[in-house]
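Listed below are the residues making up each chain.
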Amino acid sequence: MVKIAPYGTWTSPITAADVAATGGGPSWLDMHGTDIWWAESRPDESGRLALCRHQPGIGVSEVLGQPWNVRNRVHEYGGRPWTIIDTPDGTRLTFTNWADQRLYTTNPDNTDEPTPISPTPDQPHGWRYADLAAGPDGHTVWCVRETVTGEHPTDIRRDLVAVPLDGSATDDPTAIRVLAASHHFMTGPKPSPDGRHATWLGWNHPAMPWDGTQLCLAPLTDTGFGPHTVLTGGPTEAVCQVEWDSPDAVLALTDPDGWWNLHRITLDGTTHNLHPCQEELGGPLWRLGPRWFTPLGNRRYAILRTRGLAILDETAGTLTDITDLHPDWTYHSANLTAHNGVLATIAAGPRKETAVLRIDLGNDPGHDHGAIELTELTTQPADLPDPAYLPIPQVRTFTDPHGRPIPAFVYPPTNPDHAGPDGETPPFIVHVHGGPTGSSAPILDLGFSYFTSRGIGIVAVNYGGSVGYGRDFRERLREQWGLVDVHDCAAVATALAHEGTADGNRLAIRGGSAGGWTSAASLTSVEVYRCGTVMYPILDLTGWTAEGGQTHDFESRYVEGLVGTLPEHADRYAQRSPASHPDKVAGPVLMLQGLDDHICPPVQADDFIAALDGSGIQHAYLTFEGEQHGFRKAETIKAAYEAELSFYGQVLGFTTPGVPQLGLRR
């Protein structure tokens, strides 16, 4: 029997511990022969990344147990942390370890203890390595190396290097060969099939990698790389992935026409778009090593598109969805890899948590759809709730005051045991994704379900500046951060209230990182929300610059494109920064912050909360030891969700049984 109860008070089987147990999921997928490998988050082990392997006929095993943590700090967001190398002496697994950021190697087929192959730095994490790939000689691993050169967060040098697998560099750092240093930022180099050339991507400040990158080509020499040439890319063209097609050509995802499409580029620079379309087939290069496409042979490619996974057949000139054959899996991350007719991917859906999939494409992946077989290699969580408690996201498009589209995904209150009283509309939370050059996808989010199953709606907004809609949409945010994002979110929230979907008097906003910025900027500039949750945020734009010294090198000049250059636009920095206007906060604030965050250090949250003390505005501030940018530990995730639910209940006027009451101060 359905119980009538106020929205927000519904009894739910989904606990904060359930949310914590699903945190992270698989990442960094690859294949070696018929084996499929991936990294997998362990929230109950302080968020470490374990390395897992699926072998046909054997199943899944964990290759590296505790204390190994297959992760690195390059760009602070990390990059591809492992690779398999076939050497003259056998197969070697090479990986980066979080604790010391060194490179290690081991035989993946026995229980040998991994041994280091990079030297101990003079200071902790003084050398970092990412985007690992096998060198052409079978004796080295090629990668990006970061070197800390000073005390300032931007004191970083990057080189493309070849690290010997024999361990000789552990005692002699000069054994590591510097291959090139073409730009301040680079992806790992990739050798050509004939071992004569190498390619990589490079860019310099103030550009971010989705603004403009260069596709570099260099001949191999006895001492490293010869002088490089630029095949494509520039200030307004961003190459996001490159793979070798043959000794004489590469395949590259690049956007000279405003959309990331797949191109073939010969070594003389001749470029051909394999399937021109106004769709994003690539994405933002936040981390080093994603793969939005992978070759399948016979001029066919598995590729990601707006509607999911597709096969691009160059000969037939077609781009064919295969997501429709398996509608449970509507979203695939940039982790595509294939071998001998088998495709591996990491996918999720409206009722499916993220999982590793093996897709047998058969002999004719471009045409014989009936031959496609899908196998789920990782199981869904054993305690995943009954689907009746999981909302199906509604794909919506709203408009801003200029009539421009604002994509969003609405997750309505969903609980088979409860309904709201007649005449009552539910409270709603606007969820703001990070980046801001990021996006939300219409998939299962157990964190969202934690709220919706209790009668609280969620809407995830892809405001102007989000990726997936072309360069023009992405660049709506150029010099408009703190305006377009704020007003797009407010427009969606207001529209939901006007149509009767949401209670206009009980709207909240939440977000982390850049989403925390938009949440805080919204609370200090528009009168739409009763309250907001602000997680590991940017709050003071001036501090979040190279000169301000409060963020890391990768993003230290990001705000120049988002807000404007200094000192010419110093007034914008002050006007838009929430830190400048704590007196204008429209309602209560919950602040959540990791104390080891090097991207958005706690100093900004500390200062903002100090300004709210004694202001009369209700607020709470929770900090978490050992957490970086985003929360990885199960105990942290559980505490954060329970605090957030209690916060909304106290502010929006409903009881929250079963969770500790959050203490609010004024």
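On a predicted model such as this, the values are computed, not experimentally measured, just so you know. Residue indices begin from 1 for each chain and proceed along its sequence in written order. Residues qualify for local features only when their pLDDT is at least 70, as the model is predicted, and side-chain atom pairs are given and counted only at 80 or more; totals for whole chains, interfaces and linings, by contrast, use all residues. Side-chain descriptors were evaluated using all non-hydrogen atoms of the structure, hydrogens and water having been removed beforehand.

**Some words on the nonpolar core**
Next up, step 1: Grouped together as the largest cluster of nonpolar side chains are 111 residues, with contacts concentrated most on Leu-215, Leu-262, Ile-303, Val-430, Val-459, Trp-481 and Tyr-529.
Next up, step 2: Runs of E in the DSSP output that reach at least two residues are strands. Runs of H or I that reach at least four are helices, and both are numbered from the N terminus. With eight residues, the top contributor of residues to this core is helix H4 (residues 484-498).
Next up, step 3: The contact rule is simple, with two residues in contact once any of their heavy atoms fall within 4.5 Å. Sequence-distant contacts of Ile-303, defined by excluding residues within four places in its chain, comprise Leu-253, Leu-262, Leu-281, Trp-292, Phe-293, Gly-308, Leu-309, Ala-310, Leu-312, Leu-319 and Leu-336. Only buried residues count toward a nonpolar core, which is a set of Ala, Val, Leu, Ile, Met, Phe, Trp, Tyr and Cys residues joined through side-chain atoms within 4.5 Å. Exposure is judged per residue with a 1.4 Å probe applied to protein chains only, and the accessible area is read against the type maximum: over 50% gives exposed, under 20% gives buried, and values in between give partly exposed.

**Quick look at the packing of H4 against helix H5 (residues 514-523)**
Next up, step 1: With axes taken as lines fitted to C-alpha atoms, and helix axes fitted only over the stretch in contact, angles between N-to-C directions fall between 0 and 180 degrees. Two elements in contact, H4 and H5, have axes separated by 9 Å at closest approach and are oriented at 75 degrees. Considering their axes alone, H4 and H5 lie roughly perpendicular with respect to each other. Across the interface between the two elements, Asp-485, Val-486 and Cys-489 from H4 touch Trp-517, Thr-518, Ala-521 and Ser-522 from H5.
Next up, step 2: Polar here means any residue outside two lists: the nonpolar Ala, Val, Leu, Ile, Met, Phe, Trp, Tyr, Cys and Pro, and the charged Asp, Glu, Lys and Arg; Gly therefore counts as polar. Residue composition of the contact of H4 with H5, by class: four nonpolar, two polar and one charged. Each angle gets one of four labels, with under 35 degrees taken as roughly parallel, over 145 as roughly antiparallel, 65 to 115 as roughly perpendicular, and the rest as oblique.

**Topic: empty space enclosed by the protein**
Next up, step 1: Only protein atoms enter the 1 Å grid used here, on which a cavity is any set of points holding a 1.4 Å probe that cannot leave and a pocket is any open set flanked by protein within 12 Å on both sides along at least five of seven lines; residues with an atom within 4 Å of a point are listed as lining. Grid points are joined across faces, edges and corners, and a volume is the space filled by probe spheres set on the points. As enumerated under the stated definition, the model contains two cavities of 30 Å³ or more in all.
Next up, step 2: Taken as a whole, the largest cavity spans an internal volume of roughly 60 Å³.
Next up, step 3: In this structure, the largest cavity is lined by Leu-309, Ile-322, Thr-323, His-326, Trp-329, His-332, Ile-359 and Leu-374.
Next up, step 4: The volume enclosed by the second largest cavity comes to roughly 30 Å³.
Next up, step 5: Lining the second largest cavity are Tyr-77, Gly-435, Ser-513, Ala-514, Ile-538, Trp-544, Glu-555, Ile-599, Cys-600 and His-629.
Next up, step 6: Here the residues of the lining of the second largest cavity are counted per class, giving six nonpolar, three polar and one charged.

**Observations concerning the packing of aromatic side chains**
Next up, step 1: Here a Phe, Tyr or Trp ring, Trp counted by its six-membered ring, pairs with any other such ring whose centre lies within 6.5 Å, and the pair is stacked when the planes are under 30 degrees apart, edge-to-face when over 60, and tilted otherwise. Across all of its chains, the model carries 26 aromatic pairs by this definition.
Next up, step 2: With a centroid separation of 5.4 Å and an interplanar angle of 20 degrees, the aromatic rings of Trp-200 and Phe-225 are classed as stacked. Highlighted residues: Trp-200 in strand S16 (residues 197-203) and Phe-225 in the loop between strand S17 (214-219) and strand S18 (229-233), separated in sequence by 25 residues.
Next up, step 3: Of the residues examined, Trp-200 reaches a relative accessible area of 0% and is grouped as buried.
Next up, step 4: For Phe-225, a relative accessible area of 12% corresponds to the buried category.
Next up, step 5: A ring pair is formed by Tyr-536 and Phe-631, whose centres lie 5.1 Å apart and whose planes are at 80 degrees; its orientation type is edge-to-face. Placement of Tyr-536 in the loop between strand S38 (531-535) and helix H6 (558-562) and of Phe-631 in the loop between strand S40 (619-624) and helix H9 (634-652) is noted, with a sequence separation of 95 residues between them.
Next up, step 6: For Tyr-536, a relative accessible area of 14% corresponds to the buried category.

**Focus: unusual backbone geometry**
Next up, step 1: With an omega dihedral of 10 degrees, the bond running from Gln-66 to Pro-67 counts as a cis peptide bond.
Next up, step 2: Note on placement: Pro-67 falls in the loop between strand S5 (59-64) and strand S6 (82-87).
Next up, step 3: In this structure, the amide linkage connecting His-205 to the following residue, Pro-206, adopts the cis form with an omega of 5 degrees.
Next up, step 4: The residue Pro-206 is located in the loop between S16 and S17 in this model.
Next up, step 5: We note that Arg-299 has phi near 60 degrees; this positive angle belongs to a residue other than glycine.
Next up, step 6: For Arg-299, the position within the fold is in the loop between strand S23 (293-297) and strand S24 (300-305).
Next up, step 7: Judged by relative accessible area, which is 44%, Arg-299 ranks as partly exposed.

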